[in-house]
Amino acid sequence: SAAFFAFSLNTSELPGGEHLNMLLNVCFQAPVLGLTGVMLEWVGRRLVTVCVFATMAMTCLALALASGRLASQLGGYSAALSTMGYVSAAAGFSAVYIYSSELFPTEVRSVGLSLSSQSARLGAMASPILVLLKDSSPVLPYAAMACMSILAALASRSLPETLGVPKLESSRELGDLWASRSR
């Protein structure tokens, strides 16, 4: 969520104007969220989550590399890359919300989802700080978001797939799911 809100806060800095950029973000976000939901059902939770975070990492890396000397030459491309990062962050947020509700067993699901929600709020609180990092170096905000996205993709890669698996009722079932993943 830190990247999502950082991209939202950064729309005023992009060429094209704050309102136009936010409108473009929202217009692209709606179909991508629908596509994310469909892909979660067809492909699986883990692969979609990893791909969404990897896309966000590549977008942030591209923006970090381009934010230095090339920034003035990018023009609308920086807005397009930022929109792609924003949409990837939104898709990642929705994928993780669905995925985490299936990973936590019933006996701890409410606590697990609450912890996930609180973690997202901490990310939202950190987002203005990420945006302000550009005062030190224009590369820093995107590099930080790329690092977070890479870590999220790697962490998601280690999780078991939950597509087609009945909702977990106990911690023991979660242990069995993890054991079957490593075979």
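Everything discussed here concerns the structure shown above.
Here, residues in each chain are numbered from 1, in the same order as that chain's written sequence. Selection of residues for local features in this predicted model requires a pLDDT of at least 70, selection of side-chain atom pairs for listing and counting requires 80 or more, and totals for whole chains, interfaces and linings are taken over all residues. The basis for every side-chain value is the complete set of heavy atoms in the structure, and neither hydrogens nor water enter the calculation.

Describing the environment of L113
Within the element layout of this structure, L113 appears in helix α6 (residues 109–132). Once the C-alpha coordinates of L113 and A179 are considered, the two residues, 66 residues apart in sequence, prove to be 23 Å apart. Among residues more than four places away in sequence, those in contact with L113 are Y97, S100, S101 and F104. A run of DSSP states H or I qualifies as a helix once it reaches four residues; a run of E qualifies as a strand once it reaches two. Both are numbered from the N-terminal end. The contact definition used throughout considers only heavy atoms, calling two residues in contact when any of these lie within 4.5 Å.

A word on the environment of L115
In this fold, L115 is placed in helix α6. Judged by its relative accessible area of 57%, L115 is exposed. Along the backbone, L115 and A153 are 38 residues apart, and their C-alpha atoms lie at a distance of 19 Å. Partly exposed describes any residue whose relative accessible area lies between the buried limit of under 20% and the exposed limit of over 50%, with all areas from a 1.4 Å probe on protein chains only and scaled to the type maximum.

A closer look at the pattern of salt bridges
Basic side-chain nitrogens of Lys or Arg form a salt bridge, by our definition, when they fall within 4 Å of a carboxyl oxygen of Asp or Glu. On inspection of all chains with the given rule, the structure shows two salt bridges. Here R45 and E41 are joined by a salt bridge, their closest N and O atoms 3.1 Å apart. Across the salt bridge formed by E102 and R45, the nearest N and O atoms sit 2.8 Å from each other. Of this pair, E102 sits in helix α5 (residues 76–103) while R45 sits in helix α3 (residues 45–66); the two residues are 57 residues apart in sequence, bridging distant segments of the chain. By sharing partners, the salt bridges in this structure join E41, R45 and E102 into a single network.

A few points about the packing of α3 against helix α7 (residues 140–157)
Think of each axis as a best-fit line through the C-alpha atoms, taken over the contacting stretch in the case of a helix, with angles from 0 to 180 degrees between the N-to-C directions. It is at 8 Å that the axes of α3 and α7 come closest, and there the two elements cross at 160°. Accordingly, the angle class assigned to the pair α3 and α7 is roughly antiparallel. Like other packed secondary-structure pairs, α3 and α7 cross with a definite hand, here left-handed. Touching R46, T49, V50, F53, A54, M56, A57, C60, L61, L63 and A64 of α3 are Y142, A143, M145, A146, S149, I150, A152, A153, S156 and R157, all from α7. Broken down by class, the residue content of the contact of α3 with α7 amounts to 16 nonpolar, three polar and two charged. By the definition adopted for this analysis, an angle is roughly parallel if under 35 degrees, roughly antiparallel if over 145, roughly perpendicular if from 65 to 115, and oblique otherwise. Should the near helix be turned anticlockwise from the far one by less than a right angle, the crossing is left-handed, and should it be turned clockwise, the crossing is right-handed. Polar here means any residue outside two lists: the nonpolar Ala, Val, Leu, Ile, Met, Phe, Trp, Tyr, Cys and Pro, and the charged Asp, Glu, Lys and Arg; Gly therefore counts as polar.

A word on helix α1 (residues 2–9)
Among the eight residues in α1, six count as buried, and that is most of the element. Among all positions of α1, only A2, A3, F4, A6, F7 and S8 are buried.

Let's talk about the packing of aromatic side chains
Ring pairs are drawn from Phe, Tyr and Trp, using the six-membered ring of Trp, whenever the two centres fall within 6.5 Å, and their geometry is named by plane angle: stacked under 30 degrees, edge-to-face over 60, tilted for the rest. Counted according to the given criterion, the structure contains two aromatic pairs. Pairing F4 with Y86 gives two aromatic rings, centres 4.7 Å apart and planes at 25°, and the pair type is stacked. Note that F4 is positioned in helix α1 and Y86 in helix α5, a separation of 82 residues in sequence. Using a relative accessible area of 5% as the deciding quantity, one classes Y86 as buried. Measuring from centroid to centroid gives 6.4 Å for F7 and Y142, while their planes differ by 35°, and the two rings are tilted. Highlighted residues: F7 in helix α1 and Y142 in helix α7, separated in sequence by 135 residues. Residues F7 and Y142 agree in their burial class; the two are buried.

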